[in-house]
Amino acid sequence: MTVEQMSRLTLAGLDGDPREVAGTTIAQLARGLSGELAWPGSGEYTSATRIWNGMVHRRPALVVRASDAVDVQRTVEFCAEHEVELSVRGGGHHIAGLALSDGGLTLDLSGMRLVSVDLDSGVVEVGPGCTLGDVDRATQQYGLATTLGFVSQTGVAGLTLGGGFGYLTRRFGWTVDELQQVEIVTADGSLRQSSLRESPDLFWGVRGGGGNLGVVTEFALGLHSVGPQVTAGVIAWPAADASSVLDLFRQVTASAPRELTLAAVLRNAPPAPWLPTAAHGTPIVALVVCHSGSLADAEAALAPIRAHRRPLADATGVKTYVEQQSMLDGTQPAGLHHYWKSEFLPALDDDLLHVVVDQLRDNVSAANQIVLFHVAGALNTRPADACAMGNRDAAYACMVQASWSGADPAGPGYHDWVQRAWEAVRPHSTGGNYVNFQTGDEPDDRTVAAYGDTYRRLADLKATYDPGNLFRVNRNVPPRPASVPDLG
């Protein structure tokens with residue numbers, strides 16, 4: 001069936017009730033697009049609705065595959081006028097699957113993948129469909145980088161709007177601390193420029209607000225001299241050494257230079273070629289390392305780690321920054337069922353480390369893991385309310401992950417393992433968590449906790465820029481004066 005053959009189409013409405021939209025109206029939308037309109041059964045629909053987390057099953061009634069900002073404006077105006085539920089897809093990599101609206105309209109930005117490096121201003125302009133890999137490959141041609149995440153297939157838009165952190169966070173802060181300017185379509189269909197000088201209130205909320213204030217059609221991110229070579233990789237030890245390795249992790253991170261980022265990973269060993277075959281499937285503890293400073297300084301910084309006991313394998317060395325940015329891609333394959341929980345931590349006390357080791361003993365899955373990321377550094381030097389992201393009291397981020405095939409009958413048990421491990425870690429939290437790691441079943445108070453003291457200001461901005469809560473298929477912050485949950 002073509003658009004012209006539709007008489008009427010039923011879409012999910014903003015209030016939960018269905019909306020009947022005439023086929024002629026939908027055809028008019030399609031004719032006004034530079035991109036494409038897709039629907040169930042049409043050629044582009046399947047690829048447009050295939051996202052990373054195989055646990056998520058949602059079927060939009062329509063998908064707009066935008067090619068430019070004007071397409072975004074027309075789509076936002078259409079959804080606002082007809083009160084149709086709208087979701088926005090960038091890279092489609094969010095754990096909660098918020099790229100898709102079930103029965104509504106999904107705005108697919110994955111085709112908008114412009115990357116432009118301005119060497120004079122030290123800024124990279126990034127389209128909302130870009131992945132981390134797109135940006136890293138473009139900037140590393142000049143030995144430059146911006147602070148992005150750990151998996152190259154992640155979308156830059158979702159990562160940035162939720163705050164963002166990665167190997168360079170200790171040096172330069174959250175990803176949103178790198179943000180210089182955005183081009184954004186707000187709920188009234190306006191295309192705006194926003195920065196510290198232009199619409200600074202909107203810019204404050206965009207930096208961590210998770211897409212609650214509009215659809216960003218271009219990001220301008222600051223660049224730094226990094227790479228193209230770094231000293232990085234991973235070192236693994238048997239689980240019997242877990243307590244001593246975590247203590248080493250704590251000692252090294254307490255005084256590490258900001259050029260050195262470490263992450264401790266506790267899991268069962270994957271069948272990776274750099275690990276001994278006999279270790280595959282057995283519990284291990286590993287340290288992922290990335291030193292982005294000079295190669296000589298890196299050797300000195302990594303020496304105590306490399307000398308610790310007898311590792312199963314040491315796969316660290318000099319490599320390109322692009323290689324390091326994609327090293328963990330294989331641990332997050334698309335199509336599996338993924339379930340996560342996260343907390344920010346102020347420190348690593350003895351009780352917490354004991355808790356983490358205990359969860360490793362209970363882990364029977366091949367892919368479940370607990371990760372402790374060291375993030376302390378530049379992010380802690382900015383004011384607590386510098387932007388909506390907040391969480392300036394974090395020294396570490398803890399992520400509890402499960403991944404399994406949908407055909408695996410033990411899958412629900414892996415989900416339960418995440419819940420138990422997270423509940424054991426949670427008493428050691430700052431009280432904050434990472435909004436980008438929230439799953440679809442998180443209660444509203446988890447979103448409140450993710451923003452902490454910035455939540456009320458973000459809700460006020462929502463009332464200014466999106467009073468009808470058009471942008472609600474996200475970790476939603478309702479506009480005030482709607483009821484605001486108690487922060488206490």
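Described below are features of the structure shown in this document. This is a predicted model, so every value here is computed, not measured.

**Brief notes about the environment of L37**
The topology assignment puts L37 in strand 3 (residues 36-38). Classification of L37 by relative accessible area gives buried; the value is 12%.

**Focus: the pattern of salt bridges**
Per the counting criterion, the structure on display carries 23 salt bridges. In this structure, the salt-bridge partner of R306 is E299, at a minimum N-O distance of 3.0 Å. For D460, the salt bridge is made with R480, and the minimal N-O distance between the two is 3.5 Å. Residue D460 is found in helix 14 (residues 455-465), and its partner R480 is found in the segment after helix 14; the two are separated by 20 residues along the sequence. Residue class for D460 comes out partly exposed when judged on its relative accessible area of 37%. Exposure remark for R480: the relative accessible area of 31% places this residue in the partly exposed category. The network of salt bridges with shared partners includes K341, E343, R426, E442 and R446.

**A closer look at the nonpolar core**
Within soluble globular proteins, side chains that are nonpolar tend to cluster in buried spots. Core analysis: the largest hydrophobic core is formed by 74 residues, its most contacted members being V126, V156, F165, V182, V206, F219 and F373. It is helix 14 that contributes the most residues to this core, five residues altogether. Those residues within four positions of F219 in sequence are excluded, and the remaining contacts are V124, E125, V126, P128, A157, T160, L161, L179, Q181 and V182. L248, V285, L352 and W417 belong to the second largest nonpolar core, which has 42 residues in total.

**Notes on helix 4 (residues 132-139)**
The element helix 4 is extensively covered by neighbouring structure, given that seven of its eight residues are classed as buried. Restricting attention to buried positions, one finds in helix 4 the residues L132, G133, D134, V135, D136, A138 and T139. Buried residues along helix 4 sit against strand 7 (115-118), strand 8 (123-126), strand 9 (144-145), helix 5 (156-161) and helix 10 (321-325).

**Some thoughts on the sheet that holds strand 11 (residues 191-195)**
A sheet is described by the order of its strands in space; here five strands give the open sequence 7-8-12-10-11, paired in antiparallel fashion. This sheet does not close on itself; its edge strands, each paired only once, are strand 7 and strand 11. Averaged over all neighbouring strand pairs, the angle between strand axes comes to 15 degrees, with direction disregarded. By the bridge criterion, five bridges tie strand 10 (residues 179-185) to strand 11 in an arrangement that is antiparallel. Note that in strand 11 the partner of V182 across the bridge is S194. In the packing of helix 3 (residues 69-82) onto the sheet, contacts are made with strand 10, strand 11 and strand 12 (215-222), and the angle to strand 10 comes to roughly 50 degrees. The sheet contacts of helix 4 involve strand 7 and strand 8, and relative to strand 7 the element is tilted by about 35 degrees.

**Overview of the packing of helix 8 (residues 242-255) against helix 11 (residues 350-361)**
Closest axis-to-axis distance for the helix 8/helix 11 pair is 10 Å, and the angle between their directions is 140 degrees. The angle between helix 8 and helix 11 falls in the class oblique. As for the relative orientation of helix 8 and helix 11, their crossing is right-handed in sense. Counted together, A242, S243, L246, D247 and R250 of helix 8 and D350, L353, V356, V357 and L360 of helix 11 form the full contact between these two elements. A breakdown of the residues in the contact of helix 8 with helix 11 according to their chemical character gives six nonpolar, one polar and three charged.

**Description of unusual backbone geometry**
Residue P228 is bonded to the preceding G227 through a cis peptide linkage, with omega at 5 degrees. Structurally, P228 is set in the loop between strand 13 (224-225) and strand 14 (229-238). Phi at S199 takes a positive value of approximately 50 degrees, unusual for a residue other than glycine. By the element assignment, S199 lies in the loop between strand 11 and helix 7 (200-206). Backbone geometry at N469 places phi at a positive 55 degrees, although glycine is not the residue there. Structurally, N469 can be placed in the segment after helix 14.

**Here we look at the side chain of T253**
Mapped onto the elements of the fold, T253 is located in helix 8. Reaching out from T253, the side chain makes a polar contact with the backbone oxygen of F249 at a distance of 2.7 Å. Here Y396 takes part through its side chain, which lies 2.6 Å from a polar atom of the side chain of T253.

**A word on the packing of helix 11 against helix 12 (residues 411-425)**
Taken N-terminus to C-terminus, the directions of helix 11 and helix 12 make an angle of 170 degrees; their axes are 9 Å apart at the nearest point. On the basis of the axis angle, helix 11 is roughly antiparallel to helix 12. Where helix 11 approaches helix 12, its residues L352, V355 and Q359 are matched on the opposing element by W417, R420, A421, A424 and V425.

**Let's talk about the packing of aromatic side chains**
All chains considered together, the criterion is met by 14 aromatic pairs. Note on F150 and Y167: the rings are 4.7 Å apart at their centroids and 75 degrees apart in plane angle, and the pair reads as edge-to-face. In this pair, F150 is assigned in the loop between strand 9 and helix 5 and Y167 in the loop between helix 5 and helix 6 (169-172), connecting sequence segments 17 residues apart. On the basis of relative accessible area, F150 is assigned to the buried category, the value being 11%. With centroids separated by 6.2 Å and ring planes inclined at 55 degrees, the aromatic side chains of F344 and Y434 adopt a geometry described as tilted. Taken as a pair, F344 in strand 19 (residues 337-345) and Y434 in the loop between helix 12 and helix 13 (444-451) lie far apart in primary sequence, 90 residues in all. Each member of the pair, F344 as well as Y434, is classed as buried. One aromatic cluster is present, built from ring pairs that chain together W52, F150, F165, Y167, W174, W340, F344, F373, Y434 and F437.

Cut-offs and rules
The residue numbers shown here count from 1 along each chain, following its written sequence. Reporting in this predicted model follows two pLDDT cut-offs: at least 70 for local features of residues, and 80 or more for side-chain atom pairs to be given and counted; totals over whole chains, interfaces and linings ignore these cut-offs and use all residues. As a convention, hydrogens and water are excluded, and side-chain values are obtained from all of the structure's heavy atoms. Only DSSP runs of H or I reaching four residues or more are called helices, and only runs of E reaching two or more are called strands; each is numbered from the N terminus. Burial classification: accessible surface area is computed with a 1.4 Å probe over protein chains only, and a residue below 20% of its type maximum counts as buried, one above 50% as exposed, and the rest as partly exposed. In what follows, salt bridge is the name for a side-chain nitrogen of Lys or Arg lying within 4 Å of a carboxyl oxygen of Asp or Glu. We define the nonpolar core as a collection of buried residues of types Ala, Val, Leu, Ile, Met, Phe, Trp, Tyr and Cys that are connected through side-chain atoms lying within 4.5 Å of one another. Residue contacts follow a heavy-atom distance rule, with two residues in contact if any of their heavy atoms lie within 4.5 Å. Any two strands with at least two DSSP-identified bridges between them are counted as paired. Lines fitted to the C-alpha atoms define the axes, with helices restricted to the stretch that makes contact. Angles between their N-to-C directions range from 0 to 180 degrees. In what follows, roughly perpendicular refers to angles from 65 to 115 degrees, roughly parallel to angles under 35, roughly antiparallel to angles over 145, and oblique to any angle outside these ranges. Left-handed describes a crossing whose near helix is turned anticlockwise from the far helix through less than a right angle; right-handed describes the clockwise counterpart. Three classes are used, and their members are as follows: Ala, Val, Leu, Ile, Met, Phe, Trp, Tyr, Cys and Pro are nonpolar, Asp, Glu, Lys and Arg are charged, and the others, Gly among them, are polar. Polar contacts, as used here, are pairs of N or O atoms within 3.5 Å; protein pairs need one atom able to donate a hydrogen and one able to accept it. Residues neighboring in sequence count only if both atoms are side-chain atoms. A pair of Phe, Tyr and Trp rings is counted when the ring centres sit within 6.5 Å of each other, with Trp represented by its six-membered ring. The angle between the planes then sorts it: under 30 degrees is stacked, over 60 is edge-to-face, the rest tilted.

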